[in-house]
Amino acid sequence: MTRRFPKVTAASVLLGLSLGAGVGFAATQVSSLVPHVFSAGTPIKASEINANFAALSQGIQAAGPKLELSVGGGTAVACNSGPATCFQVTGIASSTTPPEPVNWSPTPSVAPRVGTYSNGVYTAGAAGTYLIDVQLNSDVIPCAPSVEVNGGGFDGNALLGVTASYNNTQPTGARHRGILNHVVTLNAGDAVRVRCASTSSALGSGLFINGSFFRIVKLS
């Protein structure tokens, strides 16, 4: 018995591409998404079909959430507990002094594609919805994180995080965490900075290089 296979035509390929791009797109709209649009009855090439699928794949990936920034601690300094595995030791807690800016590395592991990063400050390059994700790994004193937008400092608009504390008998690096996760709407030009406040009026917080990070994900 001879098997018959369906004939691949330019029209059927165009239909498949249209469905892949989303129901409701007309052929004229598909032409803005892919480099090749075929007319019924004309020859098609595998290379052109592959180029169309590649263009659609890139468009789908670009539309999803993207890690916009990831940066860790900066230059090593001595911690409260001794070893030079911290990147910052904050001042003590004070009712008159705001939390101090975190001294992140000047070189992020993931550099912004939409915005910019300089001196610990991320500046949004486009309006959208962003996830701000911060973790501060501290030695003997927990550090409470906060985020300011547009130089507001530690005011009523600051975004606050929480601390998770175990005890100082735990292994170094597994004692205290300052954690902050906020979804915010930013406009182009909005500047985001992370601050940290020691939770002790007698001793500052030593922030470990390992386990401390500042990340921003652009959601839309």
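Residues numbered from 1 in each chain as written. Predicted model: local features only at pLDDT ≥ 70, side-chain atom pairs only at ≥ 80, totals over all residues. Heavy atoms only, no water.

**Details of the environment of Phe38**
Applicable threshold: Going along the chain from the N terminus, every DSSP run of H or I of four or more residues is numbered as a helix, and every run of E of two or more is numbered as a strand. Relative accessible area decides the class of each residue, using a 1.4 Å probe on protein chains only: under 20% of the type maximum gives buried, over 50% gives exposed, and in between gives partly exposed.
You can see Phe38 is positioned in the loop between α2 (27-30) and α3 (46-63). Here Phe38 falls in the buried class, since its relative accessible area comes to 8%. Residues Phe38 and Glu48, 10 residues apart in the sequence, show an inter-C-alpha distance of 9.6 Å.

**A word on the environment of Ile216**
Heads up, the condition is: We call two residues contacting when some pair of their heavy atoms lies within 4.5 Å.
Along the chain, the position of Ile216 falls in strand β13 (residues 213-218). Each residue touching Ile216, except ones within four places of it in the same chain, is listed here: Lys66, Leu67, Glu68, Leu69, Tyr122, Tyr130 and Leu131.

**Quick notes on the side chain of Ser70**
Checked against the element boundaries, Ser70 lands in strand β1 (residues 66-71). Judged by relative accessible area, which is 9%, Ser70 ranks as buried. Contacts of Ser70, omitting those with residues within four sequence positions, involve Pro108, Ser109, Val110, Phe214 and Arg215.

**Looking at the side chain of Thr90**
Following the sequence through the fold, Thr90 ends up in the loop between β2 (86-89) and β3 (100-101). What makes Thr90 buried here is its relative accessible area of 6%. Setting aside anything within four residues of it in sequence, one finds Thr90 in contact with Glu100, Cys143, Cys196, Ser198, Gly204 and Ser205.

**Points about the state of the cysteines**
What counts here: Only a pair of cysteine sulfur atoms within 2.5 Å qualifies as a disulfide here.
For the structure shown, the criterion picks out two disulfides. Note on cysteine connectivity: Cys79 is disulfide-linked to Cys86, with sulfurs 1.9 Å apart. Taking the sign of the S-S torsion, 110 degrees for the link of Cys79 and Cys86, the bridge is right-handed. In terms of burial, Cys79 and Cys86 fall into one category: buried. At a sulfur-sulfur separation of 1.3 Å, the disulfide partner of Cys143 is Cys196. Taking the torsion about the sulfur-sulfur bond, which here is approximately 110 degrees, the covalent link between Cys143 and Cys196 counts as right-handed. Pair noted here: Cys143 is in strand β7 (residues 143-149) and Cys196 is in strand β11 (residues 191-198), with a separation of 53 residues, a long-range link. With respect to class, Cys143 is no different from Cys196; both count as buried.

**Some points on the pattern of salt bridges**
The following threshold applies: Salt bridge, as used here: a side-chain nitrogen of Lys or Arg that lies within 4 Å of a carboxyl oxygen of Asp or Glu.
Enumeration over the complete set of coordinates arrives at one salt bridge. For Glu148, the salt bridge is made with Arg195, and the minimal N-O distance between the two is 2.4 Å. Of this pair, Glu148 sits in strand β7 while Arg195 sits in strand β11, and the two are 47 residues apart along the sequence.

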